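Residue-level structure breakdown
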Amino acid sequence: MELHITSTIKYTYPTSHYAKPHSHPCYEIIVYFSGTGTTTIGGTEHRFSPHTVAFIPPEVVHDETYDSCGGELICIYFTCDRLPYTPGQALIFVPEIVPIQQSVLQLYKEIRTQPLGFRQKAHLLLEILLIDLARATTEKSREQNRLESVYHYICYNYANRLNFRTLAAESGFSYDYFRRLFRQTYNLSPQKLQIEQRFTAARALLGQGNMTVTEIAMLCGFADGSQFAHMFRQKYGISPRDYRNAAESTDT
């Protein structure tokens, strides 16, 4: 494996920065150290947040849009005749493997300060970084399966009282990492998914017209009719009863 580091660059972007679609003739590894936003890599949109890592092969078009706050990231550009560790497709994920961030910072420092033997050490660090990326990628595949199982569990059990800390632990995640990974993957929190499922079921039952609002509230997991009516109005700008009447008038 012949590695050549083209450059390492630290970018600090202002509020709502947008990087237009572009590509590079080399591989690129990005580590986001602060800020949140979206990036489209090879036509697929992803959310990024602090500690997100992106691996982008040559000539893959990508862009970047920061949210209201700016952010900081480090990019490593390199060429390689073959990559025995990391797959060829674009990847973006939040690894629990802390050495990835540490390796990137150390590699950046070596290139910027250029101490004795920096080229040799930088290439060794890059090879270690690629191995860690491969390990994280393998774990990512496993954890995505576990996360998907939790997602479906919430969808099927939306009306029950769920303990999300227990769900995270039973799925092999720390709670903070679970919340961050869930939001990055599905663009909403586990709690928000449960509430959305409750509203979806409630609207379907309201349209049928054969149950009281309180019965629907209890069946869908809300504490009582009052809580349901308050949350429903907040979300849709109309009461459950008015929603039902509008649905009935549409049907007739």
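These notes cover the structure that comes with them.

Conventions and cut-offs
Residues numbered from 1 in each chain as written. Predicted model: local features only at pLDDT ≥ 70, side-chain atom pairs only at ≥ 80, totals over all residues. Heavy atoms only, no water. Core = buried A, V, L, I, M, F, W, Y, C linked by side-chain atoms within 4.5 Å. Buried < 20%, exposed > 50% of the residue type's maximum accessible area, 1.4 Å probe, protein only. Helix = DSSP H or I, 4+ residues; strand = E, 2+ residues; numbered from the N terminus. Contact = heavy atoms within 4.5 Å. Expected span 1.5 Å × (residues − 1). Arc of directions from axis to C-beta. Salt bridge = Lys/Arg side-chain N within 4 Å of Asp/Glu carboxyl O. Pairing = 2+ DSSP bridges. Axes fitted to C-alpha atoms, helices over the stretch in contact; angles between N-to-C directions.

**Considering the nonpolar core**
Counting residues in hydrophobic clusters, the biggest one holds 27 residues, and the most contacted among them are Ile 29, Phe 55, Phe 78, Leu 126, Leu 130 and Leu 133. Elements with a contribution of two residues or more to this core: β1 (3–13), β3 (27–34), β6 (53–56), β8 (71–80), β9 (91–93), α1 (99–113) and α2 (118–156). With eight residues, the top contributor of residues to this core is α2. Apart from residues lying up to four places away in sequence, Phe 78 is in contact with Leu 3, His 4, Ile 5, Thr 6, Cys 26, Tyr 27, Ile 29, Phe 55, Leu 83, Leu 126 and Leu 130.

**Notes on helix α7 (residues 225–236)**
Note that an α-helix has 3.6 residues per turn; residues three or four places apart therefore point the same way. Given a rise of 1.5 Å per residue, 12 residues ought to cover 16 Å, and the 16 Å separating the end C-alpha atoms of α7 matches this to within 8%. When we look at burial in α7, the residues that qualify are Gly 225, Phe 228 and Phe 232. For α7, the angular spread of buried residues about the axis comes to 60°, placing them on one side. Relative to its buried face, α7 has exposed residues pointing more than 90 degrees away, namely Ser 226, His 230 and Gln 234. Positive backbone phi, approximately 70°, marks Gly 237, located one or two places after α7.

**Thoughts on the pattern of salt bridges**
Pairing between side chains of opposite charge can happen when the charged atoms of each approach one another. Under the criterion given, the structure shown has five salt bridges. Between Arg 47 and Asp 67 there is a salt bridge, with its nearest N and O atoms 2.8 Å apart. Taken as a pair, Arg 47 in strand β5 (residues 44–48) and Asp 67 in the loop between β7 (62–66) and β8 lie far apart in primary sequence, 20 residues in all.

**What to know about the sheet that holds β5**
Backbone hydrogen bonds hold the strands of a sheet together, and the pairing may be parallel or antiparallel. Pairing within the open sheet is antiparallel, and its four strands lie in the order β2-β7-β4-β5. Unpaired on one side and paired on the other, β2 (18–22) and β5 mark the two borders of the sheet. Across the sheet, the axes of successive neighbouring strands diverge by a mean angle of 15°, strand direction being ignored. Two elements, β2 and β7, share three bridges in a ladder whose sense is antiparallel. The residue bridging Ala 19 from the neighbouring strand is Glu 64, located in β7.

**Some points on α1**
The first and last C-alpha atoms of α1 sit 21 Å apart over 15 residues, in line with the 21 Å expected at 1.5 Å per residue. Packing partners of the buried residues in α1 comprise β1, β3, β6, β8 and α2. Residue Gln 114 follows α1 closely and has a positive phi angle near 50°.

**Focus: the environment of Pro 58**
Relative to the helices and strands, Pro 58 resides in the loop between β6 and β7. Owing to a relative accessible area of 29%, Pro 58 belongs among the partly exposed residues under this scheme. A C-alpha to C-alpha distance of 19 Å links Pro 58 and His 46, two positions 12 residues apart in sequence. Setting aside anything within four residues of it in sequence, one finds Pro 58 in contact with His 24, Pro 25, Cys 26 and Tyr 27.

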